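# Observations on the three-dimensional arrangement
One-letter residues, chain by chain:
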Amino acid sequence: MRFSILRRPLFIVLILIPNVLSILYFGFIASPYYRSTASLIVINPEKTGASMTSLLSGGSSDGSEQGAYILTNHIQSWEAFRKVEQPLDLARNFAAGDFVGRYGGLLSFFRKDDVSLWNYYKKSVDVDVEQKGSIVSLSVDGHSPAFAVALARAILHESIAHMDEMNRQQEQDYVSSSLERRIELQKALQNDERDIANYRARIGNYDPKELYLSNLSLLNSLTLKEADLRSQYNAVIKATPNNPAAQNLSAAIGSVQGQIGATKRDFAGIARNAAHYENLVVRRDNNATLLNQANLAVQEAQVTAMKNKFYLNVISRPSEPQTPELPHRLRWIGGILLVTLILWGLLR
């Protein structure tokens, strides 16, 4: 009678079979898992040094948690997985465990493909972010301590390289267009200076605009002088018609008119030269102004890029465990026993 309970179907199904299986599996079959851990801090220099109010209110010490989450998503991404898959032969190392928990085992429904391997990688690599300090904790599980440490180191190295590349790409995105614009304006300004120099050499005058203004002033002076001489001439003729001075005044008026005529003949050409020269100068000055603005834009782009950079500092490098972290054999055996006893107590 004492052992009749052992022959009851409900007891066999709920108590005996699950617990025998759990003892067999966790006691003798389950493969050990070694865990290598590391920690990093993500820093944005432009966002550090938060105010005391923010710190006392329990907020993040800076805005670097964004970089921490970027890093977390990258470590779990397909890109990061593919970069460590071949060098570390993940398929072979993940398949080294027991038939239940290994890659391609019972829990994976015996699937062996790239997506299943990626999912197994994500299950084996855990990343946790401490928001207040932007600290990223990395833990990697492997069937051997050497593999766990090697994978943790590879992920750490690749993550730092990825963040550096992201910073370079971001800086290029911000600054490259401004630099290209500055280079274009520098070339345009050089062309403007060359065009001005060639035009001066061709017309034989350093500043046609100044020559134009000088001739305009000369023409005005000659016109005033002609008017003055003509006034004197008229006064002399009216007072003394046969005065010899009238002939001298008449000759002077003719000379001034000749100078006025010569000046007017040269004036049209000088005006055209001055107008074209002025266009060249205005174009050069505009490009010089735009170049100054482009220099400011480059500086602003560089400052903006610096504000959005994230840097990784390794707090602790991957640990090298010699004792397996998982599975918690007694905990699993005891837990299954407790659950089955509760179910049996409720259903019997």
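How each quantity is defined
- Residues numbered from 1 in each chain as written.
- Predicted model: local features only at pLDDT ≥ 70, side-chain atom pairs only at ≥ 80, totals over all residues.
- Heavy atoms only, no water.
- Helix = DSSP H or I, 4+ residues; strand = E, 2+ residues; numbered from the N terminus.
- Core = buried A, V, L, I, M, F, W, Y, C linked by side-chain atoms within 4.5 Å.
- Buried < 20%, exposed > 50% of the residue type's maximum accessible area, 1.4 Å probe, protein only.
- Contact = heavy atoms within 4.5 Å.
- Salt bridge = Lys/Arg side-chain N within 4 Å of Asp/Glu carboxyl O.
- Expected span 1.5 Å × (residues − 1).
- Arc of directions from axis to C-beta.
- Phe/Tyr/Trp six-rings, centres within 6.5 Å; stacked < 30°, edge-to-face > 60°.
- pLDDT = per-residue confidence, 0-100.
- Axes fitted to C-alpha atoms, helices over the stretch in contact; angles between N-to-C directions.
- Parallel < 35°, antiparallel > 145°, perpendicular 65-115°, else oblique.
- Nonpolar A, V, L, I, M, F, W, Y, C, P; charged D, E, K, R; others polar.

Moving on, we get to unusual backbone geometry. Pro327 follows Leu326 through a cis peptide bond whose omega is -5 degrees. Note that Pro327 resides in the loop between strand S4 (311–316) and helix H10 (329–347). Although it is not a glycine, Phe109 adopts a positive phi angle of roughly 55 degrees. Mapping Phe109 onto the fold places it in the loop between helix H5 (90–94) and helix H6 (114–124).

Moving on, we get to the nonpolar core. Counting 30 residues, the largest nonpolar core has Leu90, Phe94, Tyr121, Val125 and Leu151 as the members making the most contacts within it. Of all the secondary-structure elements, those providing two or more residues to this core are strand S1 (34–43), helix H3 (65–75), helix H4 (78–88), H5, H6, strand S2 (125–130), strand S3 (135–142) and helix H7 (145–203). Look past the residues within four positions of Leu151 in its chain and what remains in contact with it is Val84, Leu88, Leu90, Phe94, Val125 and Val140.

Enumeration over the complete set of coordinates arrives at 13 salt bridges. For Glu320, the salt bridge goes to Arg153, with nearest N and O atoms at 2.6 Å. Of this pair, Glu320 sits in the loop between S4 and H10 while Arg153 is found in helix H7, placing the two residues 167 residues apart along the sequence. Residue Glu184 pairs with Arg181 through a salt bridge whose shortest N-O separation is 3.7 Å. Of this pair, Glu184 and Arg181 are both found in helix H7, 3 residues apart, which corresponds to roughly one turn of the helix. Given the relative accessible area of 48%, Glu184 is considered partly exposed. Using a relative accessible area of 40% as the deciding quantity, one classes Arg181 as partly exposed. Linked by salt bridges that have partners in common, Glu79, Lys83 and Glu158 make up one network.

Here we take up H10. Relative to the 27 Å expected for 19 residues at 1.5 Å per residue, H10 spans 27 Å between its end C-alpha atoms, a close match to the ideal helical length. Along H10, the residues classified as buried are Ile333, Thr340 and Trp344. Angular distribution of buried residues about the axis of H10 spans 40 degrees; they occupy a single face of the element. The outward face of H10, more than 90 degrees from its buried face, is lined by the exposed residues Arg331, Leu338 and Leu346.

Relative to the elements of secondary structure, Val281 occurs in helix H9 (residues 244–307). Between the C-alpha atom of Val281 and that of Ile196, which follows or precedes it by 85 residues, the distance is 7.4 Å.

Once that is clear, we can look at the packing of aromatic side chains. Two aromatic rings are characterised by how far apart their centres lie and by the angle between their planes. A complete count under the given rule lists 8 aromatic pairs for this structure. Pairing Tyr25 with Phe26 gives two aromatic rings, centres 5.0 Å apart and planes at 80 degrees, and the pair type is edge-to-face. With a relative accessible area of 18%, Tyr25 lands in the buried category. Relative to Trp332, the ring of Phe26 has its centre 5.3 Å away and its plane inclined at 10 degrees; by these criteria the two rings are stacked. Of this pair, Phe26 sits in helix H1 (residues 9–29) while Trp332 sits in helix H10, and the two are 306 residues apart along the sequence. Judged by relative accessible area, Trp332 falls into the partly exposed class, the value being 46%.

Moving on, we get to the confidence of the model for the protein chain. When the pLDDT values of the protein chain are averaged, the result is 80; 81% of them are 70 or greater. Within the protein chain, the lowest mean pLDDT, 41, falls on helix H2 (residues 52–56), and the highest, 94, falls on H6. Considering only residues more than four positions removed or in separate chains, one finds that residues 50–61, a stretch of pLDDT under 50, has 14 contacts.

The subject of this paragraph is the packing of H4 against H6. At a closest axis distance of 10 Å, the pairing of H4 and H6 adopts a crossing angle of 100 degrees. With respect to each other, H4 and H6 are oriented roughly perpendicular. For the pair formed by H4 and H6, the contact residues are Trp78, Ala80, Phe81, Val84 and Glu85 on the first element and Asp114, Leu117, Trp118 and Tyr121 on the second. Here the contact of H4 with H6 is composed, by residue class, of 7 nonpolar, no polar and 2 charged.

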